[in-house]
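Listed here are the chains, written in short residue letters.
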Amino acid sequence: MFGYVVVNQPEMKFKDFDVYKSFYCGLCRELREKYGITGQISLTYDMTFVILLLSGLYEPKTKKGTTRCILHPVCKQTVRKNEITEYAADMNLILTYYKCVDDWKDERKWSRLCYARLLEGSSRKLQGQYKEKITRIISLLDELSAQEKAGEKDIDKMAGLFGRIMEEIFAWRQDAWESSLRRMGFYLGKFIYLLDAYDDVEKDVKNGSYNPFSEKYKMEGFEEEIRQILIMMLAEACREFEKLPIIKYEDILRNILYSGVWCRFETVSKKRREEREKKHVRSI
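These figures come from a predicted structure and were not determined experimentally.

Rules and cut-offs
- Residues numbered from 1 in each chain as written.
- Predicted model: local features only at pLDDT ≥ 70, side-chain atom pairs only at ≥ 80, totals over all residues.
- Heavy atoms only, no water.
- Helix = DSSP H or I, 4+ residues; strand = E, 2+ residues; numbered from the N terminus.
- Rg over C-alpha atoms; globule rule 2.2 N^0.38 Å.
- Buried < 20%, exposed > 50% of the residue type's maximum accessible area, 1.4 Å probe, protein only.
- Pairing = 2+ DSSP bridges.
- Contact = heavy atoms within 4.5 Å.
- Salt bridge = Lys/Arg side-chain N within 4 Å of Asp/Glu carboxyl O.
- Phe/Tyr/Trp six-rings, centres within 6.5 Å; stacked < 30°, edge-to-face > 60°.
- Lys NZ or Arg CZ within 6 Å of the ring centre and 35° of its normal.
- Patch = residues over 30% accessible without salt bridge, like charges linked within 9 Å, V, L, I, M, F, W, Y side chains within 5 Å.
- Areas by Shrake-Rupley, 256 points an atom, 1.4 Å probe, with all protein chains shown as cover.
- Lys, Arg positive; Asp, Glu negative; His and termini not counted.
- Charge placed at Lys NZ, Arg CZ, Asp CG, Glu CD.
- Core = buried A, V, L, I, M, F, W, Y, C linked by side-chain atoms within 4.5 Å.
- Axes fitted to C-alpha atoms, helices over the stretch in contact; angles between N-to-C directions.
- Parallel < 35°, antiparallel > 145°, perpendicular 65-115°, else oblique.
- Left-handed = near helix turned anticlockwise from the far one by under 90°.

Colleague: Any details on the overall build of the protein chain? Residues and values, ideally.
Modeller: Helices and strands together make up the secondary structure of the protein chain, namely 10 helices and two strands. The secondary structure elements of the protein chain, listed N-terminal to C-terminal, are α-α-β-β-α-α-α-α-α-α-α-α. In terms of overall size, the protein chain behaves like a compact globule, its C-alpha atoms giving a radius of gyration of 19 Å where 284 residues would be expected to give roughly 19 Å. Projected onto its principal axes, the C-alpha coordinates of the protein chain cover approximately 60 × 45 × 40 Å.

Structural data, given as structure tokens:
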């Protein structure tokens with residue numbers, strides 16, 4: 001998970017942001033209670049979206065309370081938790097653990113190895129609970145890693161592998177909504193992968209790391225091409241979202257899907273545009 005599936009706070013009502021934040025704090029608390037501080041630091045905004053989506057669809061009994069945390073020691077924070085929060089915490093830990101293992105194998109990052117070892121015990125316990133799902137996720141992560149090592153340039157193929165991982169996360173139950181949730185997760189996962197590659201391309205090229213855009217990011221029209229690809233991915237995800245009978249939290253979810261997910265792209269795009277203009281001015 002990369003932290004791109006976020007709210008556009010300036011465009012959100014205060015009461016909606018309070019609800020969103022309470023689910024985020026609920027996930028943080030769940031990770032701390034189940035997996036300690038090592039699990040808590042794996043917290044992501046992306047998984048908070050999953051909680052809101054599935055909670056809005058299935059409407060499980062949700063407990064509301066308050067808690068204190070290190071970041072907000074003075075004022076108590078509102079917390080919302082339900083059975084989906086627990087599921088999201090489990091998936092968050094699994095993805096974090098195997099991503100760390102993958103980073104160690106590919107780049108020999110000692111910090112990732114150390115973190116993976118801290119999460120290893122908890123990960124093993126979860127494998128019995130989500131055996132089939134975790135097996136599929138591991139297989140997809142292995143394939144993604146292998147294709148990156150091979151220098152695969154097929155952008156759609158690479159994004160699709162990560163999309164299938166997100167598909168597994170979204171499919172909480174095998175029921176009437178599974179098909180739409182899987183398709184939504186697939187296309188949102190592709191969006192996340194492509195946006196992450198777009199965001200990191202300059203850094204990856206400098207460090208000699210894999211990036212599917214490494215050969216075309218300096219080409220004229222690159223920014224607009226990526227924008228159009230991202231629009232297509234998000235359009236498919238939103239099409240599936242609109243099929244779901246969600247009333248609870250729909251304003252928050254729409255804020256994220258139609259606005260929030262674009263925040264990082266616009267920030268990076270603006271920064272690169274300004275840098276190009278500065279270079280142009282200096283060259284005159």
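Colleague: Any chance you could break down the pairing of strand β2 (residues 77-81) for me, citing the residues and the numbers?
Modeller: On a regular strand, one side chain projects to one face of the sheet and the next to the other, so that they alternate. In terms of burial, β2 is a largely internal element, four of the five residues being buried. Inspection of the sheet shows strand β1 (residues 63-67) paired to β2 by five bridges, in the antiparallel sense. Paired with threonine 67 across the bridge in β2 is glutamine 77.

Colleague: Give a detailed account of the environment of isoleucine 84, specifying residues and quantitative values.
Modeller: On the secondary structure map, isoleucine 84 appears in helix α3 (residues 83-107). Isoleucine 84 sits 98 residues away from arginine 182 along the chain, and the two C-alpha atoms are 16 Å apart. When residues no more than four places from it in sequence are discounted, the contact partners of isoleucine 84 are Ile51, Leu54, Ser55, Pro60 and Trp172.

Colleague: Which residues make up the pattern of salt bridges, and what are the values?
Modeller: Tallied over the entire structure, the rule returns 26 salt bridges. Between glutamate 86 and lysine 34 there is a salt bridge whose closest N-O contact spans 3.3 Å. Separated by 52 residues along the polypeptide, glutamate 86 in helix α3 and lysine 34 in helix α1 (residues 14-40) bring together distant segments of the chain. Overall, glutamate 86 belongs to the partly exposed group, its relative accessible area being 35%. Residues glutamate 167 and arginine 182 are paired through a salt bridge, measuring 3.1 Å at the closest nitrogen-oxygen approach. Separated by 15 residues along the polypeptide, glutamate 167 in helix α6 (residues 155-170) and arginine 182 in helix α7 (residues 178-207) bring together distant segments of the chain. Here the salt bridges do not stand alone but share partners, grouping Glu132, Lys133, Arg136, Glu167, Glu168, Glu178 and Arg182 into one network.

Colleague: Which residues make up the packing of aromatic side chains, and what values go with them?
Modeller: By the definition in use, this model includes 15 aromatic pairs. Both rings, one in phenylalanine 23 and one in tyrosine 249, keep their centres 5.3 Å apart while their planes meet at 80°; by these two values the pair is edge-to-face. Here the residue phenylalanine 23 occupies a position in helix α1, and tyrosine 249 occupies one in the loop between α8 (222-241) and α9 (250-258), the gap between them amounting to 226 residues. Where tyrosine 58 meets tryptophan 172, the ring centres are 5.1 Å apart and the plane angle is 70°; that geometry is what we call edge-to-face. Pair noted here: tyrosine 58 is in helix α2 (residues 45-58) and tryptophan 172 is in the loop between α6 and α7, with a separation of 114 residues, a long-range link. Counting every residue linked through ring pairs, the aromatic cluster contains Phe191, Tyr198, Phe213, Phe222, Trp262 and Phe265. Directly above the aromatic system of tyrosine 58 lies the positively charged group of arginine 173, at a separation of 4.9 Å from the ring centroid. When the ring centre of tyrosine 198 is taken as origin, the NZ or CZ atom of arginine 272, which lies over that ring, is 4.6 Å away.

Colleague: Explain a positive patch on the surface residue by residue, including any values.
Modeller: A cluster of basic side chains, namely Lys218, Lys278, Lys279 and Arg282, defines a positive patch on the protein surface. Note on placement: lysine 278 falls in helix α10 (residues 263-283).

Colleague: Please set out the side chain of asparagine 92 residue by residue, giving values where relevant.
Modeller: Inspection of the secondary structure puts asparagine 92 in helix α3. With relative accessibility at 1%, the residue asparagine 92 sits in the buried group. Among residues more than four places away in sequence, those in contact with asparagine 92 are Leu31, Ser42, Leu43, Thr44 and Met47.

Colleague: Tell me about the nonpolar core, and please be specific about residues and values.
Modeller: Judged by nonpolar contacts, the single largest core of 89 residues is most densely connected at Phe49, Leu53, Phe170, Met184, Leu188 and Phe213. For this core, the leading source of residues is α7, giving 13 residues. Excluding its chain neighbours within four sequence positions, the residues that come into contact with phenylalanine 213 are Ile155, Leu194, Ala197, Tyr198, Val201, Phe222 and Ile226.

Colleague: So, the packing of α6 against α7: which residues are in play, and what are the values?
Modeller: Put simply, α6 and α7 touch, their axes get as near as 6 Å, and they point 135° apart. Judged on the interaxial angle alone, α7 and α6 are oblique. For the pair α6 and α7, the sense of crossing is right-handed. In this structure, α6 contributes Ile155, Asp156, Met158, Ala159, Gly160, Phe162, Gly163, Arg164, Met166, Glu167, Glu168 and Phe170 to the contact, and α7 contributes Leu181, Arg182, Met184, Gly185, Phe186, Leu188, Gly189, Lys190, Ile192, Tyr193 and Leu194.

Geometric descriptors of this kind do not, in isolation, establish any biological role.
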